[in-house]
Amino acid sequence: MILRRGCLDRLPPHRPIVSIYVIIFMFSLLSAGFCQDTQTAQPQPAQESSQPSQSPQTSVSQLAQSPQTSPPQPTEIYVWGEAPVSTATEKNVRQKDLELRPTATPVDILTSAVPGLYTVQHLGGGKADEYFLRGFDADHGTDFAIYVDGIPVNLPNNAHGQGYADLHWLIPETVDHIEVTKGPYFVQYGDFDTAGAVNIITQRRAVDSSVSTMGGSYNLQRYVGILSPPEGIPLSPYIAFEAYHEKGPYKDPLGYNRFNLFSKFTLLSTANSNLSFLGTFSHSYWTASGEIPSRLTRQPGSALGRFGSIDNTQGGNVDRNNLNLVYNYADARQSFNAQAWGFFFNLDLYNNFTFYESDPVNGDQIEQRDKRAAGGSYINYRRNYTLFGMPTETLVGFSSRTDIARVGLFNTVNRMRLSTQQNSQINQTSLAWYAQQELRPTQWLRAQIGTRLDQFYYGVRNLSPDAQITTTGTAQGFIANPKVNVILTPFAGTSWATPPQIYLNFGGGYHSNDAREVVANPGSAPLPRALGGEFGIRTKLFDRLNLAVNYWQIHLSSELVLDGDTGQFEPGGATRRQGPEVELRYQINDWLSSDLDASYTWGRFLSGESRGGAIANAPRALAYGGVTARHPSGLEGRIQMRFMGSRYGDEERVSLLRPWAIFDLLAKYTWNRYDFNFSITNLANKKWWAGQQYHDSQIRNDPGLPTVNEANPVNDIHYTPGGPLTIRAGMTAHFNLW
């Protein structure tokens, strides 16, 4: 048996964005270097860390170097190295890479670990973050698929938005590594894998047990306890608990409280197989100030501070409990993976997007209610063999998912229901079959050809006869997508460069539309297709600079467009996005490193009412970079920058959403069995806008704003303020009770 692991150590639109990238990276070159070579592996939704399964692609490369022989006796062998990848942007981020990144929430990890991915809050508290990737404002996950140990995080037909992906139930310290893919080129991923996908793999166990405490500005408190007995204890229990509290900088305290419990048990472990069980439990609640119209905070004569609120009874509460059973088997030539998962989800979310536009007396607050149970399975079989003397690998798989949800939209005042807009029972089942054939005819050519078939069944039933919308009915949807990846290494290396790897990728993907839209509009496409392709190169220069460059393009047959009244997205016309990406990792010396990820995207509508128009909220210029120091004395530090350029807030290009560049400082010191952490986010205390939306709203008869009485709705940028300068400090004590 071969167990493979990755290496654990190691503004205005007319201003040229290229110059910004050059300045940032030149600064990095002068002061830092790359920490480690990125380790990558083919995504496997059910793959678990530290388990006896082969790296899905390395086996074919291995076959090319050794003749086929009878399988040896199972033996534990640890291989440290870099596994082959299928695209220039595929990577595997290990836990060591995350130690000097913000980790208060799992979304902090994603932002710092996934090149080109940005996340912001546009309500605050426990609401799912807003994701930006490859020119997509994926809202809360519509075009960005997220998995944790193969459990899908995205929620179809969610009360707040299609593909809603809330990660606050995951404890960051339990993460082992993150499998990152971009583009619809991988057969294992289906719904919502348009811009990309991540599979967050949790640890099988920690090195030791620990307790952590952290405090910070605005009454921030976080407590984490981890219990991890040494190997040999029955069931190998791994248990973690987190408690989090924060008031935030808002005039009306956020009052965000989060409680998470994580548990994992190894039920069976041999040299060739592993059976594990995962259970997580989460509850959180908060009060939010919500988004505020920028017209009220403009100086001079502002009627509202940027941390103020118009409706201070927004917010909500959420519960999510997950169960996961995973079996893996692997020997020298084959691997088998089976997984069964399920979860319970309960969300009550209160928002007020238009204030007093629709109801001048009670206001426009709405409750978005989602209560569901979901479950599904994966089966994957992979085999390596030779065909006419050529190393070959075949992958076949099946997945299923069923969601049984009660989803409602209600008019409320101060969280009390007034009337029902929509209240539905939604049952949705999806089945998927996929296969991939990998061939390696020569040492310099590797090709993957695959296909994925997805079948959806929808059932919607109205639960409230007095509702304004009473959709009832059934529907089906089917889509088949090709996947082709070609990896070339036609040139030999030199004394100053490793052999460059060239990647050619093409594939189809999709995001499903809300079942209520599908049933109400029989002629609409339930599964809008996304067709994408890219060209990329990877190499290492002067044994110090890791470089990955690519240019991509993606066509989406139906864009989801924001409805400002409900905060939900509805199907729109076809769109096209394209642009370059660059990843740079530079190593100055043994303990000093720098990194830079930068991208630029052009996007527009190709059809529909907005033909030729901009894609609202779509990010254009993105950059993330930093300088990292890991001194042998135990002192480690990082200074980093997050940048998002201006972008259009509407299809007519009337509004420009504000850009920002935020700098953070993070430090860590290890002494014996103690870790001390310190961070300052937003070092310059910049006044920036995080979540931003352009739509109409109206303020009238508001006792909290007696001087504001608007006769008509006003189109404006509505924003959630980004965090001010925030200081955090904490300590972790490691111990072993056994």
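A word on the overall build of the protein
For the protein, the helix and strand inventory stands at five helices and 40 strands. For the protein, the proportion of its 738 residues judged to be buried stands at 62%. Carbon and sulfur atoms make up 59% of the accessible area of the protein, which amounts to about 27,300 Å² in all.

Notes on helix 4 (residues 106–113)
In terms of burial, helix 4 is largely enclosed, as seven of its eight residues are buried. Those residues of helix 4 not exposed but buried are Pro 106, Val 107, Ile 109, Leu 110, Thr 111, Ser 112 and Ala 113.

A closer look at the pattern of salt bridges
Applying the stated rule across the entire model yields 26 salt bridges. One salt bridge connects Arg 258 with Glu 242, and the closest N-O pair in it is separated by 3.0 Å. You can see Arg 258 sitting in strand 14 (residues 256–269) and its partner Glu 242 sitting in strand 13 (residues 238–246), a full 16 residues away along the chain. Residue classification places Glu 242 among the buried positions, given a relative accessible area of 0%. As a salt-bridge pair, Arg 577 and Glu 559 come within 2.7 Å of each other at their nearest N and O atoms. With a gap of 18 residues between them, Arg 577 in strand 29 (residues 575–587) and Glu 559 in the loop between strand 26 (545–556) and strand 27 (560–563) connect regions that are remote in the sequence. When its relative accessible area of 2% is taken as the criterion, Arg 577 is described as buried. Among the residues examined, Glu 559 registers a relative accessible area of 7% and is labelled buried. Three or more residues are tied together by salt bridges with common partners; here these are Arg 134, Lys 182, Glu 534 and Glu 581.

What to know about a nonpolar patch on the surface
On the surface, a nonpolar cluster with roughly 520 Å² of combined accessible area is contributed by Phe 241, Phe 259, Leu 261, Phe 281, Tyr 285 and Leu 323. Taken together, the elements giving at least two residues each to the nonpolar patch come down to strand 14 and strand 15 (273–288). Structurally, the position occupied by Leu 261 is in strand 14.

Overview of the sheet that holds strand 38 (residues 689–697)
Strand pairing in a sheet relies on backbone hydrogen bonds. The paired strands run either parallel or antiparallel. Spatially, three strands are ordered 16-39-38 in an open sheet, and the strand pairing comes out antiparallel. Where the open sheet ends on each side, the last strands, each with one partner, are strand 16 (292–293) and strand 38.

Looking at the pairing of strand 7 (residues 144–148)
Judged by how many residues are buried, strand 7 sits mostly within the fold: five of five residues are covered. Along strand 7, one buried face is formed by Phe 144, Ile 146 and Val 148 and the opposite face, lined by Ala 145 and Tyr 147, is buried too. Relative to strand 10 (residues 196–202), strand 7 is paired through five bridges, and the arrangement is parallel. Pairing of Phe 144 across the sheet is with Gly 196, part of strand 10.

Overview of the environment of Leu 254
Inspection of the secondary structure puts Leu 254 in the loop between strand 13 and strand 14. The buried category is assigned to Leu 254, whose relative accessible area is 5%. Residues Leu 254 and Trp 286, spaced 32 residues apart in sequence, show a C-alpha to C-alpha distance of 6.1 Å. Other than its neighbours up to four places away in sequence, Leu 254 contacts Gly 124, Gly 125, Glu 246, Lys 247, Gly 248, Trp 286, Thr 287 and Ala 288.

Some remarks on the side chain of Gln 692
Mapped onto the elements, Gln 692 comes out in strand 38. One polar contact links the side chain of Gln 692 to the main-chain carbonyl oxygen of Trp 689, over a distance of 3.3 Å. Non-local contacts of Gln 692, meaning those with residues more than four positions away in its chain, are made with Asn 617, Arg 647, Leu 657, Arg 658, Trp 660, Ile 717, His 718 and Tyr 719.

Quick word on the packing of aromatic side chains
Here the structure, examined in full by the defined rule, presents 16 aromatic pairs. Considering the side-chain rings of Tyr 131 and Phe 144, the 5.6 Å spacing of their centres and the 55° angle between planes classify their relative orientation as tilted. Taken together, the residues span a long stretch of sequence, with Tyr 131 in strand 5 (residues 130–133) and Phe 144 in strand 7 at a distance of 13 residues. Here Phe 144 falls in the buried class, since its relative accessible area comes to 1%. Ring pairing ties together the aromatic residues Tyr 244, Tyr 256 and Trp 286, which thus form one cluster. The ring centre of Tyr 648 lies 5.7 Å from the NZ or CZ of Arg 653, which sits over that ring. The ring of Trp 689 has Arg 658 sitting right over it, with the charged end atom 3.9 Å from the ring centre.

What about the pairing of strand 14?
Bridge analysis of strand 13 against strand 14 gives nine bridges, and the strand direction is antiparallel. Within strand 14, the position partnered with Ala 243 by the bridge is Phe 259. As paired strands, strand 14 and strand 15 are joined by twelve bridges and run antiparallel to one another. Bridged to Phe 259 within strand 15 is His 283. Connecting strand 14 to the antiparallel partner strand 15 that follows it, the hairpin turn spans three residues.

Some thoughts on the sheet that holds strand 5
Strand order in this open sheet of three strands is 4-5-6, and the pairing throughout is antiparallel. In the strand order of this sheet, the two ends are held by strand 4 (118–120) and strand 6 (136–137), each with one partner. Of the strand pairs in this sheet, strand 5 and strand 6 are connected by two bridges, and their pairing is antiparallel. Bridging across to strand 6, Leu 133 finds its partner in Phe 136.

What to know about the nonpolar core
Within the largest apolar cluster, 40 residues are counted, with the highest numbers of intra-cluster contacts made by Trp 286, Phe 343 and Phe 345. For this core, the elements supplying multiple residues, two or more each, are strand 7, strand 12 (220–227), strand 13, strand 14, strand 15, strand 18 (334–351) and strand 19 (366–387). Ranked by the residues each element gives to this core, the list is headed by strand 18, at five residues. If near-sequence neighbours (up to four positions away) are discounted, Phe 345 is found in contact with Leu 155, Asn 158, Tyr 164, Val 318, Asp 319, Arg 320, Asp 370, Lys 371 and Arg 372. Core analysis: the next-biggest nonpolar cluster, separate from the first, contains 30 residues, Val 114, Trp 169, Val 175 and Ile 200 among them.

Some details on the side chain of Gln 162
Mapped onto the secondary structure, Gln 162 falls in the loop between strand 8 (151–152) and strand 9 (175–182). Note on Gln 162: relative accessible area 6%, which makes it buried. At a separation of 2.6 Å, a polar atom in the side chain of Gln 162 contacts the main-chain amide nitrogen of Asn 157. With residues up to four places along the chain from it excluded, the contact list for Gln 162 reads Gly 141, Thr 142, Leu 155, Pro 156, Asn 157, Phe 192, Ser 512, Asn 513, Asp 514 and Leu 560.

Some words on unusual backbone geometry
Look at Asp 149: it is not a glycine, yet its phi comes out positive at around 50°. By the secondary structure assignment, Asp 149 is in the loop between strand 7 and strand 8.

Notes on the confidence of the model for the protein
Of all residues in the protein, 87% attain a pLDDT of 70 or more, and the chain-wide mean is 87. Per-element confidence in the protein ranges from a low mean pLDDT of 36 for strand 1 (residues 3–5) to a high of 98 for strand 8. Ignoring residues within four places in sequence, the model shows residues 1–80, a span with pLDDT below 50, making 242 contacts including any to other chains.

Concerning the environment of Asn 481
With respect to the helices and strands, Asn 481 occurs in strand 23 (residues 473–488). We classify Asn 481 as buried; its relative accessible area is 2%. Discounting chain neighbours no more than four positions away, the residues touching Asn 481 are Gly 450, Thr 451, Arg 452, Gly 508, Gly 509, Tyr 510 and Arg 529. One polar contact links Asn 481 to Arg 529, side chain to side chain, over a distance of 2.7 Å.

What counts and how
Residues numbered from 1 in each chain as written. Predicted model: local features only at pLDDT ≥ 70, side-chain atom pairs only at ≥ 80, totals over all residues. Heavy atoms only, no water. Helix = DSSP H or I, 4+ residues; strand = E, 2+ residues; numbered from the N terminus. Buried < 20%, exposed > 50% of the residue type's maximum accessible area, 1.4 Å probe, protein only. Areas by Shrake-Rupley, 256 points an atom, 1.4 Å probe, with all protein chains shown as cover. Salt bridge = Lys/Arg side-chain N within 4 Å of Asp/Glu carboxyl O. Patch = residues over 30% accessible without salt bridge, like charges linked within 9 Å, V, L, I, M, F, W, Y side chains within 5 Å. Pairing = 2+ DSSP bridges. Contact = heavy atoms within 4.5 Å. Polar contact = N/O pair within 3.5 Å; in protein donor to acceptor, adjacent residues only side chain to side chain. Phe/Tyr/Trp six-rings, centres within 6.5 Å; stacked < 30°, edge-to-face > 60°. Lys NZ or Arg CZ within 6 Å of the ring centre and 35° of its normal. Core = buried A, V, L, I, M, F, W, Y, C linked by side-chain atoms within 4.5 Å. pLDDT = per-residue confidence, 0-100.

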